[in-house]
2 protein chains.
Amino acid sequence: MKEFDFIKQYLVNRQSQDGQLVLGIGDDAAIIRPDTSHDIHISSDMLIGGRHFFTDVSAADLAYKVLAVNLSDMAAMGATPKWALLSVAVPQLQEDWVQDFCDSLFALADEYGVNIIGGDTTQGPWAFNVTIMGQTPQGLGLRRDAAQVGDDIWVTGRLGLACAALFDHWQEVQLDMDVFAECEAARLRPRPRVALGQHLVSLAHAAQDVSDGFAQDLAHILKASGVGAVINVDALPTLPALKHHEQWQHWVCAGGDDYELVFTAPKHQRQAILQAAQTTQTAVSLVGVITEQTDLMLLDSDGEAVTLEQWGFDHFE
Amino acid sequence: MKEFDFIKQYLVNRQSQDGQLVLGIGDDAAIIRPDTSHDIHISSDMLIGGRHFFTDVSAADLAYKVLAVNLSDMAAMGATPKWALLSVAVPQLQEDWVQDFCDSLFALADEYGVNIIGGDTTQGPWAFNVTIMGQTPQGLGLRRDAAQVGDDIWVTGRLGLACAALFDHWQEVQLDMDVFAECEAARLRPRPRVALGQHLVSLAHAAQDVSDGFAQDLAHILKASGVGAVINVDALPTLPALKHHEQWQHWVCAGGDDYELVFTAPKHQRQAILQAAQTTQTAVSLVGVITEQTDLMLLDSDGEAVTLEQWGFDHFE
């Protein structure tokens, strides 16, 4: 199968109409005409076989995750995803694989209103890069550096499931079959919190997605904002069955791969946040408070400090 | 060396001021505030070790090329490059290597006025992805689908040098030492034709950069525009010494990796194009004409058809 057939057959033909898209796939670059009242948000994530995914993953699950992790970055900015460019390096292009990959990719792209407007394909090791672009009304993006002392700290969904599934894959733990199934689904098909993120631009102060581990990702907010936090680890949302395993605090606080949002908001927005969560059918949990003292304190419900062997995922450790 | 130290030390600190950049590296996404009178051009290129470059390439040469091939896409649109996101997967991060890589990257970025505003770093095989963004005044981008019957066909610089250097690396040919040096320099350090491209938005009809081979890349213009072309292969610019080798026509017509521009323009713009070439110190050659008959005919100076074994580079052949 030739590269250009691949591009033409699966990407050009699937491109959707878009009032701001002047020129899509098939030239040296795509052209967009920005909406003058909006800021454009841009982010890139690279996923490598054997590191970010198992190379025997199904084409459909792989395509989903490659795009979902990027949608999660837009969610963390409160941005509406608009356009994406996909670069693909795979050892070979097999037609069935390409078909499954593209069907899954476009299903997710369509669901979130994203237009795939460009990219690159080449033979190589398993490597995928997506650059995603979205927009917010000018000045309304959710930044990391905007947390304020006294803010509530919230987290969406449930933490630790993806990491627990990985520990099972690595045979470091054996989860019950139904628990594994739920964790594996969370690992393979995280739900980008885009709808809630869009509501949060007018409610929250700071936000970030949980990709490298809750504690580490929250620490980015704290550092950027010059503040600290106290977290009630027992209040962190997870699958209850995971608490039967001694590693549960590690999975929840430092596991990563969750693609939930952690965000801070003033206390007077609690009701509005719960309302936005209900409107967007997104679970949210109140898990801590922003403090003046620039430490991140992880406490259990008895007020005892929780210690972690590792704070999160460093891509070069 | 930790990922976050790498990002902070080398990228955040080098970020330049930019009136349209609201938020740079260090959040879930960068934010730009578009200029309302301009279109935004976006393109991604992925380079894989062992395929697009030798993995023993110097860090400085590698960084140069990773960005240059993307600048070339902006040149082919006539766009002014503005922002880039760099994703890097390398087996390990060594401080000397990172220093050399970043020094070279930012030297080229500064020369072309590009701000590195985001990206990703991960351990993995040698894989680099750059997404580049640039702008033109609204509606003025150089597209592939705008060639018109009777247009002159022009090409910048010289073709075939990079491929000749590769043939020498592969020991399929032995070039004289000084010839090899010139070809290797062209392969490692192509000059993106950005300045000329900016002039061409008001002079040329269609343009494209020569990355996969002149004939194949020109064929993209022809197909998109529904036209054909006659090319005088002997008029294609190259290093004269290469013509002593029987493979020269292949190198020039189908070699690829040239990162020159091929563009079409009405005959009455000849003088203006030569003037723009002089202003931007870019060599240009008139090499053929756009025809109504939708074939690409490669002829020598005697009018004999030139046949090529292969028309260009397919990334999956």
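No experiment lies behind these values; they were computed from the predicted model shown.

Colleague: Help me understand the packing of aromatic side chains in this model?
Modeller: A ring pair, where both rings are aromatic, is described by two values, the distance of the centres and the angle of the planes. Residue and element names in this part refer to chain B. Under the criterion given, the structure shown has 16 aromatic pairs over all chains. Their ring planes at 20 degrees and their centres at 5.5 Å tell us that Phe101 and Phe128 sit as a pair that is stacked. Separated by 27 residues along the polypeptide, Phe101 in helix α3 (residues 95-111) and Phe128 in strand β6 (residues 127-137) bring together distant segments of the chain. A residue is classified by how much of its surface remains accessible, and Phe128, at 0% relative accessible area, is buried.

Colleague: Mind showing me how you'd approach a negative patch on the surface here?
Modeller: Negative charge collects at one region of the surface, where A:Glu95, A:Asp96, A:Asp100 and A:Asp103 lie side by side. Relative to the elements of secondary structure, A:Asp103 occurs in helix α3 (residues 95-111).

Colleague: Just checking my understanding: could you explain the UniProt feature "domain: PurM-like N-terminal" (unreviewed entry) in chain A for this structure?
Modeller: Using the residue numbers shown here, the UniProt feature "domain: PurM-like N-terminal" (unreviewed entry) corresponds to residues 26-135 of chain A. Note that residues 26-135 of chain A is 33% helix and 39% strand, and that its end C-alpha atoms are spaced 24 Å apart.

Colleague: I would appreciate a short explanation of helix α9 (residues 270-279) of chain B in the present structure.
Modeller: Each full turn of the α-helix corresponds to 3.6 residues, which orients residues three or four apart in the same direction. All names here are of chain B. For α9, every residue scored as buried is listed here: Ile273, Ala276 and Ala277. Viewed end-on, α9 has its buried residues packed into an arc of 100 degrees, placing them on one side of the element. Projecting away from the buried face of α9 at angles above 90 degrees are the exposed residues Gln271, Gln278 and Thr279. In this structure, the buried side of α9 is in contact with β7 (152-156), α6 (194-200), β10 (260-265) and β11 (284-291). Directly beyond the C-terminal end of α9, a positive phi value near 50 degrees is found at Gln281.

Colleague: Would you mind going over the pattern of salt bridges with me for this structure?
Modeller: Pairing of side chains with opposite charge becomes possible as their charged atoms draw close. Here the structure, examined in full by the defined rule, presents 24 salt bridges over all chains. A:Arg143 is paired through a salt bridge with A:Asp145; the nearest N and O atoms lie 3.0 Å apart. For A:Arg143, a relative accessible area of 26% gives the class partly exposed. Here B:Glu184 ties to B:Arg187 by a salt bridge, and the two come within 3.0 Å at their closest N and O atoms. Within this pair, B:Glu184 and its partner B:Arg187 are both found in helix α5 (residues 177-188), separated by three residues, close to a single helical turn. Of the residues examined, B:Glu184 reaches a relative accessible area of 14% and is grouped as buried. Look at the salt bridges and you will find they share partners, linking A:Asp27, A:Asp28 and B:Arg144 into a network.

Colleague: Teacher, can you tell me more about the domain arrangement of chain A here?
Modeller: A common measure of how large an interface is: the accessible area buried when the components associate. All names here are of chain A. In terms of domains, chain A is made up of domain 1 (3-137) and domain 2 (144-299). The gap between the C-alpha centroids of domain 1 and domain 2 is 26 Å. Each partner contributes to the interface: domain 1 provides 22 residues, whereas domain 2 provides 20 residues. When the buried area of domain 1 at its contact with domain 2 is split by residue, Phe54, Tyr64 and Lys65 rank highest and sum to 31% of it. Across the domain 1-domain 2 interface, the total number found is three salt bridges. Between Arg191 and Glu111 there is a salt bridge, with its nearest N and O atoms 2.4 Å apart. At the boundary of domain 1 with domain 2, the tally comes to ten residue pairs in polar contact (both at pLDDT 80 or more). For the side of domain 1 that touches domain 2, the secondary structure elements donating two or more residues are α2 (59-77), β4 (80-90) and α3. Top element by residues in the side of domain 1 that touches domain 2 is α2. It accounts for twelve residues. Across the side of domain 1 that touches domain 2, the residue classes break down as 14 nonpolar, four polar and four charged.

Rules and cut-offs
- Residues numbered from 1 in each chain as written.
- Chains lettered and ligands numbered in written order.
- Predicted model: local features only at pLDDT ≥ 70, side-chain atom pairs only at ≥ 80, totals over all residues.
- Heavy atoms only, no water.
- Phe/Tyr/Trp six-rings, centres within 6.5 Å; stacked < 30°, edge-to-face > 60°.
- Helix = DSSP H or I, 4+ residues; strand = E, 2+ residues; numbered from the N terminus.
- Buried < 20%, exposed > 50% of the residue type's maximum accessible area, 1.4 Å probe, protein only.
- Patch = residues over 30% accessible without salt bridge, like charges linked within 9 Å, V, L, I, M, F, W, Y side chains within 5 Å.
- Areas by Shrake-Rupley, 256 points an atom, 1.4 Å probe, with all protein chains shown as cover.
- Salt bridge = Lys/Arg side-chain N within 4 Å of Asp/Glu carboxyl O.
- Lys, Arg positive; Asp, Glu negative; His and termini not counted.
- Charge placed at Lys NZ, Arg CZ, Asp CG, Glu CD.
- UniProt positions renumbered as here; feature names shortened; annotations may be inferred.
- Arc of directions from axis to C-beta.
- Contact = heavy atoms within 4.5 Å.
- Domains from an automatic or database assignment.
- Buried area = accessible area lost by both parts, 1.4 Å probe.
- Polar contact = N/O pair within 3.5 Å; in protein donor to acceptor, adjacent residues only side chain to side chain.
- Nonpolar A, V, L, I, M, F, W, Y, C, P; charged D, E, K, R; others polar.

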